[in-house]
Amino acid sequence: MIRLTTDLEPDARAGYDALIDVRSPAEFAEDHIPGAINLPVLDDAQRAEVGTEYVQGSKFRARRRGAGLVARNIAAHLEGPLGEREGGFKPLVYCWRGGQRSHAMATVMDQVGWPVAQLSGGYQTWRRRVLARLYDGESEAAPLPPLVLLDGPTGVGKTAVLALMAERGAAVLDLEGLAAHRGSLFGATAEAQPPQKLFDSRLAVALEGLDPTRPVLVEAEASRIGALTLPPRLWAAMKAAPRIALTGSLEDRTAFSRAAYAEIAADPAALDAVLSRLPLRLGRAVIERWRGLARAGDLSALIAELLETHYDPAYRRAASKYEAPVAVVASPVFGSEVARDASLAAIEAALAR
């Protein structure tokens, strides 16, 4: 018997052997329940073909054609990705609204003998959960944990410090990792950024895994990370959160930034393209000078000038809008091992206040 459910709590999701999204690959790419696998009962072209026939032609022919395609695709999944699953395999199946596509897959799975569950409301049930957690200011969803921002000028290694703190057992939220972007004009990574909805889903799952009563360290960000926007509930909590400010000399920050952005620095064309997109308020002559330094390979001079002339003033303007930090700490990524441990301990002490 197919069991219908709307329970998407973490423990409930963990109780399934697989979360199976039977929507088309394009729908899956836009967003899905993190951890789900995509076994489409109609691919993108097939879905478009059946939809066009249904709207512009015969509804009967569309249903007949769709049924044939769905049957063949489900058979291929049974013989392929699901071919080694044993009798106790326990899947949760969902489509867009919990309708025909997921019901078709669940019906066949039920006939196979698997204890299958179908998500009532489909993906939309998941999306409503995410919206309540991240977008609805009046939501009765679980509260966000108390946030503490890790702040400081560009080049102090905030992302690296988050990783060091996580190794020491601190609760951290790595927004740049979830967004696949380092949060500046130079922040693109080899991994493409996810669509906004998928970023929301990843963020919702990351928040689910945090103790709601324990302070969470998160890097101070603008309201946008690359092409993605921080959801309003999280952004409001970040603006009100206390801050720990990291410090470092211009020399240290220059060396750290050169190493951290070595990939783009090694690609002259990519570096020049980014420099060409700098805001014109900096002055054309200044931008052309920086492009010249890049062409000459004088990357340390380029980075130092970018930090001092572009990024540091922007950081000071942003920091002036908030209350003074609860602690000012020399960045743990600089100096000796003893100095690093002392800085990490100071951050731990600030979190415990």
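Everything below is about the structure shown above.
Because the structure is predicted, anything quoted here is derived from the model rather than measured. (Residues numbered from 1 in each chain as written. Predicted model: local features only at pLDDT ≥ 70, side-chain atom pairs only at ≥ 80, totals over all residues. Heavy atoms only, no water.)

Novice: I tried to follow the nonpolar core on my own but got confused; where do I start?
Specialist: Most often, soluble globular proteins keep nonpolar side chains buried together rather than apart. Among the nonpolar cores identified, the biggest contains 36 residues, and Ile33, Leu173, Leu175, Leu203 and Leu234 are the most heavily contacted of them. Elements that contribute at least two residues to this core include exactly strand 4 (91-94), strand 5 (117-119), helix 6 (123-134), strand 6 (147-151), helix 8 (175-179), helix 9 (196-208), strand 8 (216-219) and helix 10 (232-240). Contacts of Leu175, omitting those with residues within four sequence positions, involve Phe199, Leu203, Val218, Glu219, Glu221, Ile225, Leu230, Leu234 and Met238. Core analysis: the second largest hydrophobic core is formed by 20 residues, Ala18, Val41, Phe89 and Cys95 among them. (Core = buried A, V, L, I, M, F, W, Y, C linked by side-chain atoms within 4.5 Å. Buried < 20%, exposed > 50% of the residue type's maximum accessible area, 1.4 Å probe, protein only. Helix = DSSP H or I, 4+ residues; strand = E, 2+ residues; numbered from the N terminus. Contact = heavy atoms within 4.5 Å.)

Novice: Can you help me understand the layout of surface pockets in this one?
Specialist: Rolled over the atoms, a probe sized like a water molecule indicates the empty space that remains. As a volume, the largest pocket reaches approximately 1,100 Å³. Along its surface, the largest pocket is lined by 37 residues, and Thr154, Gly183, Ala220, Glu221 and Ala222 are the ones closest to its centre. Breaking the lining of the largest pocket down by element, the ones donating at least two residues are strand 6, helix 7 (158-167), helix 10, helix 11 (250-260) and helix 15 (299-319). No other element matches helix 15, which puts 6 residues into the lining of the largest pocket. For the lining of the largest pocket, the residue count by class is 16 nonpolar, 11 polar and 10 charged. As a volume, the second largest pocket reaches approximately 630 Å³. (1 Å grid on protein atoms, 1.4 Å probe; cavity = no way out; pocket = protein on both sides within 12 Å on 5 of 7 lines; lining within 4 Å. Points joined across faces, edges and corners; volume = space filled by probe spheres on them. Nonpolar A, V, L, I, M, F, W, Y, C, P; charged D, E, K, R; others polar.)

Novice: What am I meant to see in helix 16 (residues 337-351) here?
Specialist: Three or four residues apart is the spacing at which side chains of an α-helix point the same way, because the helix has 3.6 residues per turn. Taking 1.5 Å of rise per residue, the 15 residues of helix 16 would be expected to cover 21 Å, and the 21 Å separating its terminal C-alpha atoms lies within 8% of that figure. Within helix 16 the residues assigned to the buried category are Ser343, Leu344, Ile347, Ala350 and Leu351. Buried positions in helix 16, seen along its axis, are confined to an arc of 115° and lie on one side of it. Against strand 6, helix 7, strand 8, strand 11 (243-247) and strand 12 (327-330) lie the buried residues of helix 16. (Expected span 1.5 Å × (residues − 1). Arc of directions from axis to C-beta.)

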